[in-house]
Every structure is written in C-alpha cells, then in structure tokens.
Amino acid sequence: MKLIFIIPLITIYFTSVSFCTSAQTIGSDPALENLKNFQINTPAMISAGLPNQAQFEALKANGVFNVIDLIPGDRSEESRLMRTLELQYQNIAVEWDNPTLENFDQYVITMQQFEKDGGITLTHCKLNWRGAVFTYLYRVTQLNEPEATAKKDLDATWQPNEIWQRFIDDVKEKYQS
C-alpha cells in the first residue's frame, strides 16, 4: 500500500525538479562550449547559433523544452530532430535582408505560449545574429527589461547593420507606443 503513494510522490518530485531548471546552469555544460554565440538571456531564455544534434541533446538535458528557429528555408530535418527529442519547435522564417514586424509578432506569440508551457526556450539562427536581435527586442518590449541590460547581450554578439537597426527601431516604435 505504501508503494502506491510513494511512486506518485517520486514522480511529482522529479517533475518539479526538472521544471525548476534555470538557464544559468546551462552555461557550464562542456558539450555547449563550441556553440556559436551562446548566450543566457534570462533564467528561461537562451540564444545561440545553430546547434548540432549533440548540442541539442545537451540543451534538452539542461532543461530546454522549447526551440524557436529563425532560419528560413527547408527546416524539415531540424523539425524531425525536435520531434525525436520531444522538444516543442517553431520555425519563424526570418529573411536576412527583410526581417518584418510580422516575424516579431509571431515570435512574441510563440514565446508567450512557450512561457505558459514552462521550461527554457532556445532561440537560434545560424550565427545568433537574428536570435540576438529577437531576444533583445523581446526582453525590452515584453519583459520590460532595462535597455542597457538587454543591449549588452546584443552588442556582445554583433552590431546590427542598417536593415536590422531599422527593424529594431520599427519594433520598438510599435510595441513601446
């Protein structure tokens, strides 16, 4: 009879421990040391360049449950890998020379859904240039994080060109007015 009560308690304990994982612990995993432009943005949000399969597996082992891929084109291989790893996945095809307000609107909706679902969310692209801009904008416009704090991560990754700076300005104008 005691076993019947113990098993659910053990299950609840391990489930709650896995949901308490914070992005802060991910940075120390040696499997991720070569992940291009890897950044811990908030306790529940990280960004990086394109991970390989071993890096996705390490990210999952460290509490990543959700992946937002900002790379355009055929993403069926990554989508299959995410299903295999049982990670929630959303591709938002952001064209390098034409990021749009609609891209960011879709990102906000996806982030809000992933936040409700729990776990850490990875935003990635090839080099984390798109990702750094999207995470920066989300932090400033949705999480009300101080501009200077969020901008440090963006600046550590790259300096947006004219197209991307215009996109940043347009998003901020839309969401902060």
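Residues numbered from 1 in each chain as written. Predicted model: local features only at pLDDT ≥ 70, side-chain atom pairs only at ≥ 80, totals over all residues. Heavy atoms only, no water.

Participant: Any chance you could explain the overall build of the protein chain here in plain terms?
Facilitator: Helix and strand counts for the protein chain stand at seven helices and five strands. Tracing the protein chain from N to C terminus, the helices and strands come up as α-β-β-α-β-α-β-α-β-α-α-α. Each of the 177 residues in the protein chain was classed as buried or not, and the buried ones make up 44%. Of the contacts formed within the protein chain by residues at least 6 apart in sequence, a portion of 66% connects residues at least 24 apart. (Helix = DSSP H or I, 4+ residues; strand = E, 2+ residues; numbered from the N terminus. Buried < 20%, exposed > 50% of the residue type's maximum accessible area, 1.4 Å probe, protein only. Contact = heavy atoms within 4.5 Å.)

Participant: Any chance you could explain the pairing of strand β1 (residues 39-42) here in plain terms?
Facilitator: Regular strands place their side chains on alternate faces of the sheet. Taken together, the three bridges between β1 and strand β2 (residues 45-48) define a ladder with antiparallel strand orientation. When the sheet's bridge partners are listed, Gln-39 is paired in β2 with Ser-47. Counting the residues that bridge the hairpin from β1 to β2 gives two residues. (Pairing = 2+ DSSP bridges.)

Participant: Can you help me understand the nonpolar core in this one?
Facilitator: Soluble, globular proteins show a tendency: their nonpolar side chains are buried together. Counting residues in hydrophobic clusters, the biggest one holds 26 residues, and the most contacted among them are Leu-70, Phe-104, Tyr-107, Val-133, Phe-134, Leu-137 and Phe-167. If sequence neighbours within four positions are ignored, Tyr-107 has contacts with Ile-68, Leu-70, Ile-92, Thr-123, Phe-134, Thr-135 and Tyr-138. Of all hydrophobic cores here, the second largest spans 18 residues; its members include Ala-23, Leu-59, Val-64 and Met-82. (Core = buried A, V, L, I, M, F, W, Y, C linked by side-chain atoms within 4.5 Å.)

Participant: Looking at this structure, I do not really get the packing of helix α5 (residues 129-141) against helix α6 (residues 147-157). What am I missing?
Facilitator: Each pair of packed helices gets described by two things: the angle between the helix axes and the distance between those axes. Across the interface, α5 lies against α6 with an axial gap of 9 Å and an inter-helix angle of 180 degrees. In terms of orientation, α5 lies roughly antiparallel with respect to α6. When α5 is examined against α6, the residues Trp-129, Ala-132, Val-133, Tyr-136, Arg-139 and Val-140 are found in contact with a partner set consisting of Glu-147, Thr-149, Ala-150, Lys-151, Asp-153, Leu-154 and Thr-157. In terms of residue class, the contact of α5 with α6 is built from seven nonpolar, two polar and four charged. (Axes fitted to C-alpha atoms, helices over the stretch in contact; angles between N-to-C directions. Parallel < 35°, antiparallel > 145°, perpendicular 65-115°, else oblique. Nonpolar A, V, L, I, M, F, W, Y, C, P; charged D, E, K, R; others polar.)

Participant: When you look at the sheet that holds β2 in this model, what are you seeing that I'm missing?
Facilitator: Strands pair in a sheet through their backbones, by hydrogen bonds, and they do so in one of two ways: parallel or antiparallel. If you trace the five strands from one edge of the open sheet to the other, you get β1-β2-β5-β3-β4, paired in mixed fashion. Bordering the open sheet on either side are β1 and β4 (88-91), each of which pairs with just one other strand. With strand direction ignored, the average angle separating the axes of adjacent strands in the sheet is 20 degrees. Both β2 and strand β5 (residues 120-124) contribute to a ladder of four bridges, which runs parallel. Paired with Met-45 across the two strands is Thr-121, which belongs to β5. Sitting on the sheet, α5 touches β1, β2 and β5, and the angle it makes with β2 is about 160 degrees.

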